[in-house]
There are 4 protein chains.
Amino acid sequence: MIVIMRNDATREEIIKLIEKIEKEDCKVSVVQGEKQCVLGLIGDTTRIDPSKIEAKEFVERVTKVQQPYKLANRLFHPEDTVIKVGDETIGGNKLAVIAGPCSVESESQIIEIAKKVKESGAGFLRGGAFKPRTSPYSFQGLKKHGLELLKIAREETGLPIVTEIMSPDMIDDFERDVDIIQVGARNMQNFELLKQLGRTNKPILLKRGLSATIEELIMSAEYIMSEGNEKIILCERGIRTFETYTRNTLDLSAIPAIKRLSHLPVIVDPSHAAGMWWMVEPLSKAAVAVGADGLIVEVHNDPENAKCDGQQSIKPERFKSLMEDLAVMANIEKKVI
Amino acid sequence: MIVIMRNDATREEIIKLIEKIEKEDCKVSVVQGEKQCVLGLIGDTTRIDPSKIEAKEFVERVTKVQQPYKLANRLFHPEDTVIKVGDETIGGNKLAVIAGPCSVESESQIIEIAKKVKESGAGFLRGGAFKPRTSPYSFQGLKKHGLELLKIAREETGLPIVTEIMSPDMIDDFERDVDIIQVGARNMQNFELLKQLGRTNKPILLKRGLSATIEELIMSAEYIMSEGNEKIILCERGIRTFETYTRNTLDLSAIPAIKRLSHLPVIVDPSHAAGMWWMVEPLSKAAVAVGADGLIVEVHNDPENAKCDGQQSIKPERFKSLMEDLAVMANIEKKVI
Amino acid sequence: MIVIMRNDATREEIIKLIEKIEKEDCKVSVVQGEKQCVLGLIGDTTRIDPSKIEAKEFVERVTKVQQPYKLANRLFHPEDTVIKVGDETIGGNKLAVIAGPCSVESESQIIEIAKKVKESGAGFLRGGAFKPRTSPYSFQGLKKHGLELLKIAREETGLPIVTEIMSPDMIDDFERDVDIIQVGARNMQNFELLKQLGRTNKPILLKRGLSATIEELIMSAEYIMSEGNEKIILCERGIRTFETYTRNTLDLSAIPAIKRLSHLPVIVDPSHAAGMWWMVEPLSKAAVAVGADGLIVEVHNDPENAKCDGQQSIKPERFKSLMEDLAVMANIEKKVI
Amino acid sequence: MIVIMRNDATREEIIKLIEKIEKEDCKVSVVQGEKQCVLGLIGDTTRIDPSKIEAKEFVERVTKVQQPYKLANRLFHPEDTVIKVGDETIGGNKLAVIAGPCSVESESQIIEIAKKVKESGAGFLRGGAFKPRTSPYSFQGLKKHGLELLKIAREETGLPIVTEIMSPDMIDDFERDVDIIQVGARNMQNFELLKQLGRTNKPILLKRGLSATIEELIMSAEYIMSEGNEKIILCERGIRTFETYTRNTLDLSAIPAIKRLSHLPVIVDPSHAAGMWWMVEPLSKAAVAVGADGLIVEVHNDPENAKCDGQQSIKPERFKSLMEDLAVMANIEKKVI
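Residues numbered from 1 in each chain as written. Chains lettered and ligands numbered in written order. Predicted model: local features only at pLDDT ≥ 70, side-chain atom pairs only at ≥ 80, totals over all residues. Heavy atoms only, no water.

Visitor: Help me out: how do you make sense of the interface of chain D and chain A in this one?
Guide: Frequently, the measure chosen for interface size is the accessible area that the parts lose on association. On the chain A side, the residues contacting the 34 residues of chain D number 34 residues. Three residues stand out in chain D for area buried against chain A, namely Phe242, Ser253 and Ile332 of chain D, and they jointly supply 19% of the buried area on that side. The residue arginine 208 of chain D makes a salt bridge to glutamate 243 of chain A at a minimum N-O spacing of 2.8 Å. On the surface where chain D and chain A come into contact, there are six residue pairs in polar contact (both at pLDDT 80 or more). Of all the elements in the fold, those that place two or more residues in the side of chain D that touches chain A are α8 (254–261), α10 (277–290) and α11 (316–332) of chain D. Broken down by element, the side of chain D that touches chain A gets its largest block of residues, eight residues, from α10 of chain D. The residue makeup of the side of chain D that touches chain A, split by class, is 21 nonpolar, six polar and seven charged. (Contact = heavy atoms within 4.5 Å. Buried area = accessible area lost by both parts, 1.4 Å probe. Salt bridge = Lys/Arg side-chain N within 4 Å of Asp/Glu carboxyl O. Polar contact = N/O pair within 3.5 Å; in protein donor to acceptor, adjacent residues only side chain to side chain. Helix = DSSP H or I, 4+ residues; strand = E, 2+ residues; numbered from the N terminus. Nonpolar A, V, L, I, M, F, W, Y, C, P; charged D, E, K, R; others polar.)

This is the structure in structure tokens:
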């Protein structure tokens, strides 16, 4: 940690601050510039709260040297994390493809789509049972009944199921019934939920919040990991910017960034990012080319009558041809689907 | 609702779409331009899902005419909502000032600050018991013990207490013990929490999410209201932009915008917006000048040793002089503190 | 300047880097942490290019300690700059109000508006002769003829005139005819234009670019000042964010920030920020409350037939009542109009 | 164009507005909803200024149906534009690769790099002679001498040269000496420059501004085209968002979006987007996968001593291996380098 003093800080103030820091078992190295004094803190600075130091009127600002996360940090865990889900894996040289409808609507719908995406090579089935919707008047999902239908689809196809949790009180059901528990963008900093998921044994698919920085996304993974569950899959799904042509702006630079900072696998959701079905194909290919460990794609057999997000779902035939392209693309990246 | 067709949409496709919309009890008015056809939907369009229409390949895009909220809409409720909290009110010609520390740290701390802010004219005491922190390793609040300390401070001073809830399982405790239940920016779209708060009888202070639009903020209020609780206080606390000098960018234009769109009272949090104590004073004055119904301000007797957010807390003396300025400012706006 | 090395940087690499920096007449202070090494550079670091250091694979990143601007820096020039324009001043205890139409449309129009705003107390007349428009098919201003009409309005009213320059080849005309030369948001980093304006002797009204940081705005002022012209008035006019209800998001926190960082006067443009006439009044009052040195407001006698930006112009009567409110507001801030 | 009236608009106001619009040779179709009235404007609405209509107090807002650009619009020009530059082409089934240093530093530097990038298959040489720098104290380029050195490098290698123009007064020199004239992000809305470039006969490489929407980028192309020069190459180079890990956020969704909206070729600059050399490779591959017509990449033989942007330049060897990967990638997209 680096503390930059205001240029009018007195010698006395500086000495008092150093003494205070040293009480926290850190050593302080003083860099005396011509105008300003800078303190370099050496040792375990995780116990020092930068905002306390910035609260002093004679401090200009504080800059961190080390990342604030440990368990998720590649520095302390150089190898890629590979997560096993049934017979499938996520991370490493596998390109994980999760596909399915925005929401589970009926038994026949989810089974039909599950079969189709499996045929095309998807490794996992997605489908929302509990749906976070901006409006209280929109379809909120089939809830527990939706979970039951997902289980039937799993039985029919063998595909592990991925679905979103919205509240801590559903954790027992999800832990029992679901293969990968998804935390949506809006709950990325629902810290109570994160902590409780950290006490389960299930892989967690953690989506980046609409305005979350890469560091904040990794810190939310750290929340889960700090409670014991280290099976986290990160997911880039578009961030909110001034551009309104696309629903969100897919931040593909985040993929190599996360790969450098963390050992956790990271996948991409091209459907929510763009919000338009005709962008799913080029963005999926770009995601593989940039180094993502997988994709989560909305596929619907009848998008025009889908209960939600029809405009961003692709049909099974289009998904099939996409998967063929992705296989070639994955090959260049030395991965297999 | 307005549907803009692609310029290559066929007559047949247009007719089929019209028939489908009319089945939902809407009438359709066709505007045939030279290049493109536009459909105007007349009637109650709340049952029509724009994304289903946009899922059609021959539709360019859909534009809403009416706001998607009803209960929070000024159109259907022209008078300002005034919320009673004990002997105090929020909204109308009252300028509500909520003040106190970021987090409750000890009995003596919270009582001392409560007395000081009361002396200076604050109408409510704030103080975090459950703290949402980016890092799992940061101080997470005194939790239930913090609630107890707040109750003692209320008994000592008579000030109603405002504190943040983080999880639905605490709702019973909060409903019993707290005067205004705060929903933090990170939980603005924690829809499960919103729905359950809608079934309580307590005023809710709903903070705008870091990347939430004004419409989304009002929609989150609508979530609570749709369950029966109409006592909502909105709060602008800064949005996330590219500017990094300030922690967030306080969006004061949101105040007149919300006042025009909704009848709910709206207050401003200058402390979290800027993240720097020396900005609290000018931003507070600007908030009153722009028409806010109140302020929520972090005040700490010893910011340099505060357990969180010391850098953005002001000392009781500064708060006192701020309150004097605000009284004059409020007067111009025909309000009283 | 602080250089943070990667944790795998070798001793040899560090020594080589230190030697290189010391050749630029800087001293280096080494802070050896447990994991990472940090270098503190002492002396005049303005000649050191951070990007060269970051180009080294063993360097993590570089952090600046000092602001990169000197002439505009309050550190080296603690007193507020006050700029004289004819008999008027901008900065200090004066609240400068610049008012007038978006664009000059005719002699009678500009004279009528000029007289009206003068009556209400405006100190300066604004009016666009050269208009930067997003579309090549929109009205581009009366150009040189517009300048002539502004001069006539000045003669009629005595108000100094403020108008925007779009290209270096107009500098001679502007230097001769105009009292304050405005640089629009889109040209804030048109460095050729800035440099050439630095060689004139006229006050420059420099607007913040739509996505410019506060530091970049001040750096653009530094460009002009580095060529000799130190009469710069900065202007906050809204930044581009994800919020689309308002045209831009007025960043009022920028006012106290700029006041702390620089000695230059700073004014606010509430008309372009919001893009809606009914927001001009509350935002103007907030701008004064937050500490701005003045305002630039669009006033039009017939907004519905204005050749541009009618939706954000207020009528002279509304301007009159606004000025009465602002006078009271200014008084609280110990300023006079 | 669609005009949405306020719900309190009177019949009289609506009729007056319709009469006014019809005077501009547009027909008006009235859609009378239950609460609000909506007007659909039919005919050539390009002469109608939405802001004039929005200036009326009884109008809620105006929504455009057609894109505001014509010459750049794929609607009126369905085939891809292919631009010939010497023996090379940009657009169509060619993947154009422009490579070279951030700035021209010396004869030997530019010739050496030019030879290296040519060997690896680049089709064009880039190199800055006039450099837009945030600070007036940074290296500003070799200016006219830089142009001379670029010409020598072209003679040595046969590579067409691409370099940035900063001011209209250099247009004659650029038209004579340069093969593709680049307009930088900061000048994307320097309309005077755009118009004058529209009167030249040289291909223009137009970079997207840091906060420019896709529509604004195409409108800036329209500016150039409206003056007669239709040889425009668009370039995505990252937009400004809240994420600070990368210098900018590369918006790869913009590529399929632009391809749908316009017939102009569009390339990607991965170097300026990320601002870090180690991201250039994955982002380049993603750009090809998403459908870009080419790349502009910073290559330097000695990044650590580069006069600018060394941190984002890759070395010739790395460029060579990147080109091999890109050739395979291009092949999947049915393109050749």
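Picking up where we left off.
Visitor: Where do I start with the pairing of strand β14 (residues 294–298) of chain C in this structure?
Guide: All names here are of chain C. For β14, a buried count of five out of five residues is recorded, marking the element as mostly surrounded by other parts of the structure. Burial along β14 is two-sided: Gly294, Ile296 and Glu298 facing one way and Leu295 and Val297 facing the other are all buried. Here strand β7 (residues 96–100) pairs with β14 via five bridges, running parallel. When the sheet's bridge partners are listed, valine 97 is paired in β14 with leucine 295. (Buried < 20%, exposed > 50% of the residue type's maximum accessible area, 1.4 Å probe, protein only. Pairing = 2+ DSSP bridges.)

Visitor: Help me understand the sheet that holds strand β4 (residues 59–63) of chain B in this model?
Guide: The strands making up a sheet associate through hydrogen bonds between their backbones, and the pairing can be parallel or antiparallel. Residues and elements named next belong to chain B. Reading across the sheet, the four strands line up as β2-β3-β1-β4 and stay open at both edges, with antiparallel pairing between neighbours. Both outer strands of the open sheet, β2 (27–32) and β4, are each paired with one neighbouring strand and no more. Strand-to-strand twist in this sheet, taken as the mean axis angle between neighbours without regard to direction, amounts to 20°. Sheet topology places strand β1 (residues 2–5) next to strand β3 (residues 37–42); three bridges connect them, and they run antiparallel. Each bridged residue has a counterpart across the sheet, and for isoleucine 4 the counterpart in β3 is valine 38. (Axes fitted to C-alpha atoms, helices over the stretch in contact; angles between N-to-C directions.)

Visitor: Mind showing me how you'd approach the packing of aromatic side chains here?
Guide: Residue and element names in this part refer to chain C. Evaluated as defined, the whole model comprises eight aromatic pairs over all chains. On the basis of an interplanar angle of 20° and a centroid distance of 4.5 Å, the ring pair of phenylalanine 191 and tyrosine 223 is categorised as stacked. Of this pair, phenylalanine 191 sits in helix α6 (residues 191–197) while tyrosine 223 sits in helix α7 (residues 214–225); the two residues are 32 residues apart in sequence, bridging distant segments of the chain. As far as the burial class goes, phenylalanine 191 and tyrosine 223 line up, both buried. (Phe/Tyr/Trp six-rings, centres within 6.5 Å; stacked < 30°, edge-to-face > 60°.)

Visitor: How do you make sense of the sheet that holds strand β1 (residues 2–5) of chain C when you look at a structure like this?
Guide: Residues and elements named next belong to chain C. The strand order across the open sheet built from four strands is β2-β3-β1-β4, with neighbouring strands paired in antiparallel fashion. Strand pairing shows two members of the sheet lacking a second neighbour, β2 (27–32) and β4 (59–63), which therefore form its edges. Strand after strand, the sheet turns through a mean of 20° between neighbouring axes, direction not considered. One ladder, built from four bridges, connects β1 with β4; its direction is antiparallel. Pairing of methionine 5 across the sheet is with valine 59, part of β4. This element, helix α1 (residues 11–22), spans β1, β2, β3 (37–42) and β4 of the sheet and lies at about 10° to β3.

Visitor: So what exactly am I meant to see when it comes to the relation of the copies chain D and chain C here?
Guide: Mapping one chain copy onto the other needs a rotation about an axis and a shift along that axis. It takes a turn of 180° to lay chain D on chain C, together with a shift of 0.0 Å along the axis; the resulting RMSD is 0.0 Å. Between the two chains, the operation in question is that of a two-fold axis. Ranked by how close their C-alpha atoms come to the rotation axis, the residues of chain D are headed by serine 211 of chain D, at 2.8 Å. Both copies contact each other with a shared surface, as 100% of the interface residues of chain D are interface residues in chain C too. (Least-squares fit on C-alpha atoms with pLDDT ≥ 70 in both.)

Visitor: Can you help me understand the UniProt feature "domain: DAHP synthetase I/KDSA" (unreviewed entry) in chain A in this one?
Guide: Listed under "domain: DAHP synthetase I/KDSA" (unreviewed entry) in the UniProt record, and renumbered for this structure, are residues 87–328 of chain A. A distance of 23 Å separates the end C-alpha atoms of residues 87–328 of chain A, which is 38% helix and 15% strand. (UniProt positions renumbered as here; feature names shortened; annotations may be inferred.)

Visitor: Even after reading the chapter, I still don't get the domain arrangement of chain A, so can you show me in this structure?
Guide: Segmentation of chain A into domains returns domain 1 (2–63) and domain 2 (74–332). The straight-line distance from the C-alpha centre of domain 1 of chain A to that of domain 2 of chain A is 43 Å. (Domains from an automatic or database assignment.)

Visitor: Would you mind showing me how to read the environment of tyrosine 223 of chain D here?
Guide: The buried category is assigned to tyrosine 223 of chain D, whose relative accessible area is 1%. For tyrosine 223 of chain D and alanine 114 of chain D, which are 109 residues apart along the polypeptide, the C-alpha to C-alpha distance reads 32 Å. Apart from residues lying up to four places away in sequence, tyrosine 223 of chain D is in contact with Arg133, Thr134, Ser135, Pro136 and Gln140 of chain C together with Phe191, Leu194 and Lys195 of chain D.

Visitor: Explain the relation of the copies chain D and chain A to me, please; I cannot follow it from the model alone.
Guide: At an RMSD of 0.0 Å, chain D and chain A line up after a rotation of 180° and a shift of 0.0 Å along the axis. Take the interface residues of chain D: 100% of them recur as interface residues in chain A, which is what a same-surface contact looks like.

Visitor: What should I look at first to understand the pattern of salt bridges in this one?
Guide: When their charged atoms lie close together, side chains carrying opposite charge are able to pair. Taken as a whole and judged by the stated rule, the model has 109 salt bridges over all chains. One salt bridge connects lysine 285 of chain D with aspartate 325 of chain D, and the closest N-O pair in it is separated by 3.9 Å. Taken together, the residues span a long stretch of sequence, with lysine 285 of chain D in helix α10 and aspartate 325 of chain D in helix α11 at a distance of 40 residues. When its relative accessible area of 7% is taken as the criterion, lysine 285 of chain D is described as buried. Among the residues examined, aspartate 325 of chain D registers a relative accessible area of 26% and is labelled partly exposed. A cluster of three or more residues bridged by salt bridges with shared partners is formed by Lys144, Glu148, Lys151, Asp173, Arg176 and Asp177 of chain A.

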